[in-house]
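A closer look at the structure
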Amino acid sequence: MPASARDDKKANLGKVLSFLRDWDRADKTTRARILTTFLSETSGKTFHELEMEFAQVASLFLARITTWMRLTYKFSSSLWLQLKAIQIFLSASSQDQYLTEFLEDGGVLTLIDILNQGQTKGEDRAEVLNVLLIVSNTGRKYKEFICESKGVSALAECLTIPYSNEILEKACAVLDSLSQGNPKYLNYVYQELIALLLNTSPKSQKMLLRTLRSLQSKMKTAHHSIVGPLLEMLKTLQLEVQDEELKNFDVRPLLLNELVTFLRLATEELSNYQTSQNICLFFPHYYRQKISFHDFFISEMTRKTGSLPEFVQQAATAKVIRLLAEDNEEISSDLLALEVVQGLLSAMGNREHIETQIQASLALEFFVRSYPIIQQPVKRVMGDTLFSAFLISPEMLYKTLSETQAEFLLCNNIITNTGVDGENGTHSVNLEG
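Here's a quick rundown of the structure. (Residues numbered from 1 in each chain as written. Predicted model: local features only at pLDDT ≥ 70, side-chain atom pairs only at ≥ 80, totals over all residues. Heavy atoms only, no water.)

**Remarks on the overall build of the protein chain**
Selection criterion: Secondary structure elements follow DSSP: runs of H or I of four or more residues count as helices, runs of E of two or more count as strands, with numbering from the N terminus. The cut-offs for exposure are 20% and 50% of the maximum accessible area for each residue type, with area from a 1.4 Å probe on protein chains only; residues under the lower value are buried, those over the upper are exposed, and the others partly exposed. Per-residue and other accessible areas were derived by the Shrake-Rupley procedure at a 1.4 Å probe size, with only the shown protein chains allowed to occlude residues.
Looking only at helices and strands, the protein chain has 25 helices and four strands in total. Here the protein chain holds 433 residues, and 48% of them are scored as buried. Only carbon and sulfur atoms are counted for the fraction: they give 52% of the accessible area of the protein chain, which is about 20800 Å².

Here it is as structure tokens:
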């Protein structure tokens, strides 16, 4: 190396060491100003460019930023700058050297701890997730390190709190990244996401389902534990969540069966209460206190559950059954084979919840009009007059439904054994009960 080149290199190193000494002596305001300048001058630079600028000792500056962040993140106003500066290093091409040193200095553990701090600002949290995504995308050993450091739990916690869409999306992006090329922890990430499904807002649930769908493609089969959460979500009124679900998992038969079963179970509980109405005749104190059976029923259900969740879920179940059937002929046929008609008729008899009656009527109308072969069996159960009113205005049928008719629908025993008849693909129905 020529003497002039050696002198230039020595002079450059001297400048860098002087810069580092100034950093060590600086207060937080000066350091923030230094980082602001660093960001504006080095954004997008490669590993080799950074090394040239810092006389082959850029790692010393990265170590100082990492240490400052680790010592001050709980009360520092410069966390955003620290995180952005760290990204400059970790995003540089051939950044494994910087990333290894960042891990050794406790950088990733600090990031995870920052996520666990409730007081972390939204913009800082978003940058933490950006850094974790860079780390995860770098390779398998880094994904494993994040998982071993309880990073998945910290990311999951982000999804249980109503943060901004940006934070929720970034958290899901990191979780998705951790599931790719990480066979050792694939099942762990998968089950953590499943456990989250019922503990998040509809907005988070929708993003979670997208992430799970991506992860599901890497699994041989769906884990059995996903059935319960998916079923509960299908029984909500959050259609933006329902739209993400059923057709994307290989547990469809189980879910459809549970949906149809729930239609009857909710009204069976109502039927049990209605049967107990007769018991009131033997307890005159109910009359002395002027408590009607309806009030007795409502108070008992409220005492048991705090509300009437079964009926709300029943209405939502009927609605999602209709939407799924309308959207997919195969699902529609599967539902018929599961005796959905019986369940919908039963739900139509639930006079304690109008929305259930409306949604069940609309769903049944779809099946009756789509499969003419079941019209006559349904007509026999409902009777000519009620059936005619049903076809004219299914959503208003509850207004004309008498108590006797409702009871008959509630306790119907219609069984439609549907199948495909021969080569013409037509449906056959056998009526029992």
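**Side note on a nonpolar patch on the surface**
Operational definition: To count toward a patch, a residue needs a relative accessible area over 30% and no salt bridge; like charges are then connected within 9 Å, while nonpolar side chains (Val, Leu, Ile, Met, Phe, Trp, Tyr) are connected within 5 Å. We define a salt bridge as a side-chain nitrogen of Lys or Arg found within 4 Å of a carboxyl oxygen belonging to Asp or Glu.
A cluster of nonpolar side chains, Leu13, Leu17 and Leu60, forms an exposed patch at the surface whose accessible area comes to about 210 Å². Locating leucine 17 in the fold gives a position in helix 1 (residues 3–25). Leucine 17 gets classed as partly exposed once you look at its relative accessible area, which sits at 35%.

**Remarks on the nonpolar core**
Note the cut-off: Residues enter a nonpolar core if they are buried and are Ala, Val, Leu, Ile, Met, Phe, Trp, Tyr or Cys, with the set joined through side-chain atoms within 4.5 Å. We call two residues contacting when some pair of their heavy atoms lies within 4.5 Å.
Judged by nonpolar contacts, the single largest core of 76 residues is most densely connected at Phe61, Phe89, Leu90, Phe102, Leu132 and Val135. Counting residues per element, this core draws most heavily on helix 5 (residues 79–91), at eight residues. Not counting the four nearest positions on each side in its chain, valine 135 is found in contact with Leu90, Leu99, Leu103, Val108, Tyr142 and Ile146. Judged by nonpolar contacts, the second largest core, of 37 residues, contains Val378, Leu397, Leu401 and Ile414.

**Brief notes about helix 25 (residues 403–410)**
Heads up, the condition is: Within this analysis, the arc is defined by the directions that extend from the helix axis to the C-beta atoms.
Ala406, Leu409 and Leu410 are the residues of helix 25 that are buried. Viewed along the axis of helix 25, the buried residues span an arc of 100°, placing them on a single side of the element. Those residues of helix 25 that are exposed and angled more than 90 degrees off the buried face are Thr404 and Phe408.

**Regarding unusual backbone geometry**
Phi is positive for glutamine 56, which is not a glycine, with a value near 70°. Tracing the backbone through its elements, the reader meets glutamine 56 in the loop between helix 3 (47–53) and helix 4 (58–72). Classification of glutamine 56 as partly exposed rests on a relative accessible area of 48%. Despite not being glycine, lysine 150 shows a phi value in the positive range, around 65°. Under the relative-accessibility criterion, lysine 150 is labelled exposed at 62%.

**Focus: the pattern of salt bridges**
Considering all chains together, one arrives at nine salt bridges under this definition. Its salt-bridge partner being lysine 170, residue glutamate 166 comes within 4.0 Å of it at the nearest N-O pair. Linking glutamate 166 with lysine 170, this pair stays in helix 11 (residues 165–179), spanning four residues, or about one helical turn. Residue arginine 322 is joined to glutamate 326 by a salt bridge in which the shortest nitrogen-to-oxygen separation is 3.5 Å.

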